[in-house]
Amino acid sequence: MRRFFWNVLTDIDYHLPLYLVSTGYWIHQPQVMRKEGYKGFQWIQCFDGQGMLEIEGSTLPLSKGQGMLLYPGVPHRYYPLVEPWTVQWVEFNGNFAEPLLQSLNFPKSLVLYITKPEILLARFNEMNSLYSLRTSMSSYDGSHLLYGLLLDLFRHTSTSDTRSNHEQYEHLKPVIDYIENHYDQQLTLQNLADQLAVTPHYLCVLFQKTLGTRPFEYINRFRIRKAKEFLQQFPALEIKAISRKVGFESPSYFIKLFKKNEGITPKEFRDLHAIT
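In what follows, the accompanying structure is described. Just so we're clear, the structure is a prediction, and the values are computed from it rather than from any experiment. Along each chain, the written sequence defines residue order, and numbers are assigned to residues from 1. pLDDT decides what is reported in this predicted model: residues at 70 or higher carry local features, side-chain atom pairs at 80 or more are listed and counted, and totals for whole chains, interfaces and linings draw on all residues regardless. Hydrogens and water molecules were not included; the side-chain quantities draw on all heavy atoms of the structure.

### Comments concerning the environment of L189
Cut-off, in case you're wondering: Going along the chain from the N terminus, every DSSP run of H or I of four or more residues is numbered as a helix, and every run of E of two or more is numbered as a strand. Each residue gets one of three labels from its accessible area relative to the maximum for its type: buried under 20%, exposed over 50%, partly exposed in between, using a 1.4 Å probe on protein chains only.
Positionally, L189 belongs in helix α6 (residues 189–194). When its relative accessible area of 27% is taken as the criterion, L189 is described as partly exposed. Here the alpha-carbon distance between L189 and F47, two residues 142 residues apart in the chain, equals 25 Å.

Structural data, given as structure tokens:
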């Protein structure tokens, strides 16, 4: 479902330094591919679900609390990852559009993190309301609202996630808890991603951003830590049994990984640290 409002452009609009072309929203944003780019500037803000933007050789995830600023004439593709991918957009142009964006330190197409999405949502609602009325003053009022929106982008967005490490960890905590409760079982990226209702790819992005590692590197480190506990607590338990107990199907892989992480084999660790 979508709803949009096109501004019927007049000479007034073309003489304004900034003018609105269209505004609206998609509840289920479909894939969009533009091999030649688009004719106007766009700000597209995500309110639910997750999508992916491919632009200028980069693949950038986009979820709630983020938006993409797209310059005209730049080839790009964006598509949903977790549906419904709900977005609102505004399309704009004007002789002052690019100089203003440059002065606000938005020199090119960007994915931005939004610190106060409710402020930008209020701007969208004003614009949608304005163009649904089709008043004779829409050109001037639309330009005014657009200028305010661009200033809000400058004030309330950044090119990196400004959440604290604690906030990022809390977001990832359901996956951490799942690993700690199921480390002895076969785990897949899909299992883990399902805990947050995100894609496996996006889960990897979250792990790298929050913990500086990949999901299975984290899982293996956790399993090795549990193995060290079992090696100390159960001195009579065979190494291959310990291996299975912490989720490794191959004892030889377990021994190899253990030595890589600890510098000694599981048996050598037990000989040094077994509780007697």
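### Description of the pattern of salt bridges
Inclusion rule: Here a salt bridge means any side-chain nitrogen of Lys or Arg lying within 4 Å of a carboxyl oxygen belonging to Asp or Glu.
As enumerated under the stated definition, the model contains eight salt bridges in all. Residue D271 is joined to K267 by a salt bridge in which the shortest nitrogen-to-oxygen separation is 3.1 Å. One end of the pair, D271, and the other, K267, are both in helix α11 (residues 266–273), four residues apart, so they sit about a helical turn from each other. A relative accessible area of 52% means that K267 is categorised as exposed.

### Some thoughts on the packing of aromatic side chains
Note the following rule: Centres within 6.5 Å make a pair out of two Phe, Tyr or Trp rings, where for Trp the six-membered ring is used; the pair is then stacked when the planes are under 30 degrees apart, edge-to-face when over 60, and tilted otherwise. Our definition puts a charge over a ring when NZ of Lys or CZ of Arg is within 6 Å of the ring centre and also within 35 degrees of the ring normal.
Across all of its chains, the model carries 12 aromatic pairs by this definition. Each ring, one from Y14 and one from Y19, has its centre 5.6 Å from the other, and the planes form 80°; the classification is edge-to-face. Centroid distance F230 to F234: 6.0 Å. Interplanar angle 40°. Geometry classified as tilted. By relative accessible area, which is 10% here, F230 ends up buried. Its end group placed over the ring of F230, K245 keeps NZ or CZ at 4.9 Å from the ring centre. It is K245 that lies over the ring of F234; its NZ or CZ is 5.8 Å from the centre.

### Here we look at the pairing of strand β7 (residues 76–93)
Using the following cut-off: We call two strands paired when DSSP finds no fewer than two bridges between them.
In terms of burial, β7 is largely enclosed, as 13 of its 18 residues are buried. In terms of strand pairing, strand β2 (residues 19–26) meets β7 through seven bridges, oriented antiparallel. Across the sheet, the residue bridging to Y25 is Q88, located in β7. With three bridges connecting them, strand β3 (residues 32–34) and β7 associate as antiparallel partners. Along β7, the bridge assignment pairs R34 with H76. Direction of pairing for strand β4 (residues 41–55) relative to β7: antiparallel, over a ladder of 13 bridges. In the strand pairing of β7, G51 is matched with P80.

### Points about the nonpolar core
Condition: The term nonpolar core refers to a set of buried residues drawn from Ala, Val, Leu, Ile, Met, Phe, Trp, Tyr and Cys, joined through side-chain atoms within 4.5 Å. Whether two residues are in contact is decided by their heavy atoms, any of which lying within 4.5 Å being enough.
Core analysis: the biggest nonpolar cluster contains 41 residues, and W43, M68 and L150 have the highest contact counts within it. Elements supplying a minimum of two residues to this core: β2, β4, β6 (66–70), β7, α2 (97–103), β8 (110–114), α3 (117–133) and α4 (138–156). Residues in contact with L150, not counting those within four places in the same chain, are L18, F92, L100, L101 and L104. If you look at the next biggest cluster of nonpolar residues, it comprises 29 residues, including L192, L196, Y202 and F269.

### Details of the state of the cysteines
Inclusion rule: The term disulfide is used for any two cysteine sulfur atoms that are within 2.5 Å.
In total, this model carries zero disulfides according to the counting rule given. We note that C46 lacks a disulfide partner, and the nearest cysteine sulfur, in C204, lies 19 Å from it. Residue classification places C46 among the buried positions, given a relative accessible area of 2%.

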